[in-house]
Amino acid sequence: MIRYYSIKVLLSIVLITSVFCQKKQMKEDNKTVQKVDLNYLLFLPESYNNDQETKWPLILFLHGIGERGNDLDLLKIHGIPKIVEQEKKFPFIAISPQCPIDYDWRDEAMQENVLDLLEETLNNYRVDNNRVYITGLSMGGYGTWALAANRPNLFAAAVPICGGGEPSTASLMKDLPIWVFHGARDEVVLPKESEKMVRALQKVKGKVRYTLYPNAYHDSWTKTYANQELYDWLLTHKRTDQ
């Protein structure tokens, strides 16, 4: 497959946009996988090019359902892409793919394509492979749980926000540090969706931490991503399986 990209550099933000979102059936190990070229934003810290030896921690960010489509500006409304628009010294590389309108992050095809994009980023940029983190909000919170269960050894920590997952996968993530956030007044994704995952992880003695905002509705992400403690917590965690 030929992949076409237009590249625009704005200060320390690199926008890499695929012109097409093409779908192709590919055979891999006798399994049909739907290949999707993802639009995405890539952020490089302001001082990324100052030291060619430094390796940087990376955050994979998954947006919510309202930001699906083919307009990358939608990604800047919430979460990590919004943060890095305002803070050029943000001390992480950030990769933020955009989910096509007819997909969900939990779809098998999307998970495989997001993982392919992440692996490509790890190979092409100076990433500290022991400090790769995943986070997402709402639909992206569900996607965070799904990808963390899919590839728990790839990530050093996970931060699902107002999402939910499958409790039967908790044992796969018991060694992965996870900080869960939700709003107690959320009527879009009920807090019980996070809480059933927290209980499942506690049952298998997982490394889980839970913050429930008593007065927050569905938007429990603005306060979360504005909290420096979150990023300090992430940086305390590294993969230990190498």
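Residues numbered from 1 in each chain as written. Predicted model: local features only at pLDDT ≥ 70, side-chain atom pairs only at ≥ 80, totals over all residues. Heavy atoms only, no water.

**As for the overall build of the chain**
Here is step 1 of the chain: If you tally the helices and strands in the chain, you get six helices and 11 strands.
Here is step 2 of the chain: Put simply, 70% of the contacts in the chain that link residues at least 6 apart link residues at least 24 apart.
Here is step 3 of the chain: Just so you have it, the chain exposes about 11700 Å², and 49% of that area is on carbon and sulfur atoms. (Helix = DSSP H or I, 4+ residues; strand = E, 2+ residues; numbered from the N terminus. Contact = heavy atoms within 4.5 Å. Areas by Shrake-Rupley, 256 points an atom, 1.4 Å probe, with all protein chains shown as cover.)

**Section: the pairing of strand β7 (residues 93-98)**
Here is step 1 of the chain: When you tally the buried positions in β7, you get six out of six residues, the bulk of the element.
Here is step 2 of the chain: Residue alternation in β7 divides its side chains into two sets, Ile93, Ile95 and Pro97 and Ala94, Ser96 and Gln98, and both sets are buried.
Here is step 3 of the chain: Pairing of strand β5 (residues 39-43) with β7 involves five bridges; the strand directions are antiparallel. By the bridge assignment for β7, Leu41 is matched with Ser96. (Buried < 20%, exposed > 50% of the residue type's maximum accessible area, 1.4 Å probe, protein only. Pairing = 2+ DSSP bridges.)

**Overview of the confidence of the model for the chain**
Here is step 1 of the chain: On average, residues of the chain score 87 in pLDDT, and 85% of them are at 70 or above.
Here is step 2 of the chain: Of the regions scoring below 50 in pLDDT, residues 1-30 engages in 73 contacts with residues more than four places distant in sequence or in other chains. (pLDDT = per-residue confidence, 0-100.)

**Focus on the packing of aromatic side chains**
Here is step 1 of the chain: Applying the stated criterion across every chain yields a total of nine aromatic pairs.
Here is step 2 of the chain: Relative to Trp233, the ring of Trp179 has its centre 5.5 Å away and its plane inclined at 65°; by these criteria the two rings are edge-to-face. Residue Trp179 is located in strand β10 (residues 178-183), and its partner Trp233 is located in helix α6 (residues 228-235); the two are separated by 54 residues in the primary sequence.
Here is step 3 of the chain: Looking at Trp233, the relative accessible area reads 13%, which means it is buried.
Here is step 4 of the chain: Among the aromatic residues, those joined into a cluster by ring pairs are Phe43, Phe90, Phe92, Tyr133 and Tyr231.
Here is step 5 of the chain: In this structure, Arg126 is placed above the aromatic ring of Tyr48, and the distance from its NZ or CZ to the ring centre is 4.1 Å.
Here is step 6 of the chain: The ring centre of Trp179 lies 3.6 Å from the NZ or CZ of Arg209, which sits over that ring. (Phe/Tyr/Trp six-rings, centres within 6.5 Å; stacked < 30°, edge-to-face > 60°. Lys NZ or Arg CZ within 6 Å of the ring centre and 35° of its normal.)

**Remarks on the nonpolar core**
Here is step 1 of the chain: In terms of nonpolar packing, the biggest core is built from 42 residues, with Leu58, Leu60 and Leu118 touching the most fellow members.
Here is step 2 of the chain: For this core, the secondary structure elements donating two or more residues are β5, β6 (56-62), β7, α2 (108-124), β8 (127-137), α3 (139-150), β10 and α4 (191-203).
Here is step 3 of the chain: Apart from residues lying up to four places away in sequence, Leu58 is in contact with Phe92, Ile93, Ile95, Leu118, Thr121, Leu122, Val127, Arg131, Val132 and Tyr133.
Here is step 4 of the chain: Counting residues in each nonpolar core, the second largest holds 26 residues, with Ile80, Ala156, Val159 and Leu234 among its members. (Core = buried A, V, L, I, M, F, W, Y, C linked by side-chain atoms within 4.5 Å.)

**What about α6?**
Here is step 1 of the chain: Taken together, the buried positions of α6 are occupied by Leu230, Tyr231, Trp233 and Leu234. Buried residues along α6 cover an arc of 155° about the axis, so they all sit on one side.
Here is step 2 of the chain: Capping the start of α6, Asn227 holds a side-chain oxygen 3.0 Å from the backbone nitrogen of Glu229, two or three residues further along. (Arc of directions from axis to C-beta. Polar contact = N/O pair within 3.5 Å; in protein donor to acceptor, adjacent residues only side chain to side chain.)

**Considering the packing of α2 against α3**
Here is step 1 of the chain: At their nearest, the axes of α2 and α3 sit 11 Å apart, and the two run at 70° to each other. Comparing the axis directions of α2 and α3 gives the class roughly perpendicular. Across from Gln111, Glu112, Val114 and Leu115 in α2, the residues of α3 making contact are Ala146, Leu147 and Asn150. (Axes fitted to C-alpha atoms, helices over the stretch in contact; angles between N-to-C directions. Parallel < 35°, antiparallel > 145°, perpendicular 65-115°, else oblique.)

**Points about the side chain of Arg239**
Here is step 1 of the chain: Mapped onto the secondary structure, Arg239 falls in the segment after α6.
Here is step 2 of the chain: For Arg239, the side chain forms a polar contact with the main-chain oxygen of Asn153, separated by 2.9 Å.
Here is step 3 of the chain: Beyond its immediate chain neighbours, meaning those up to four positions away, Arg239 contacts Asn129, Asn130, Asn153, Leu154, Phe155 and Ala156.

**With respect to the environment of Asn39**
Here is step 1 of the chain: Examined against the element boundaries, Asn39 turns out to sit in strand β5.
Here is step 2 of the chain: Put simply, Asn39 and Leu72 are 33 residues apart on the chain and 7.3 Å apart in space, counted from C-alpha to C-alpha.

**Here we look at the environment of Leu44**
Here is step 1 of the chain: Structurally, Leu44 can be placed in the loop between β5 and β6.
Here is step 2 of the chain: Judged by its relative accessible area of 10%, Leu44 falls in the buried class.
Here is step 3 of the chain: For Leu44 and Ile95, which are 51 residues apart along the polypeptide, the C-alpha to C-alpha distance reads 9.1 Å.

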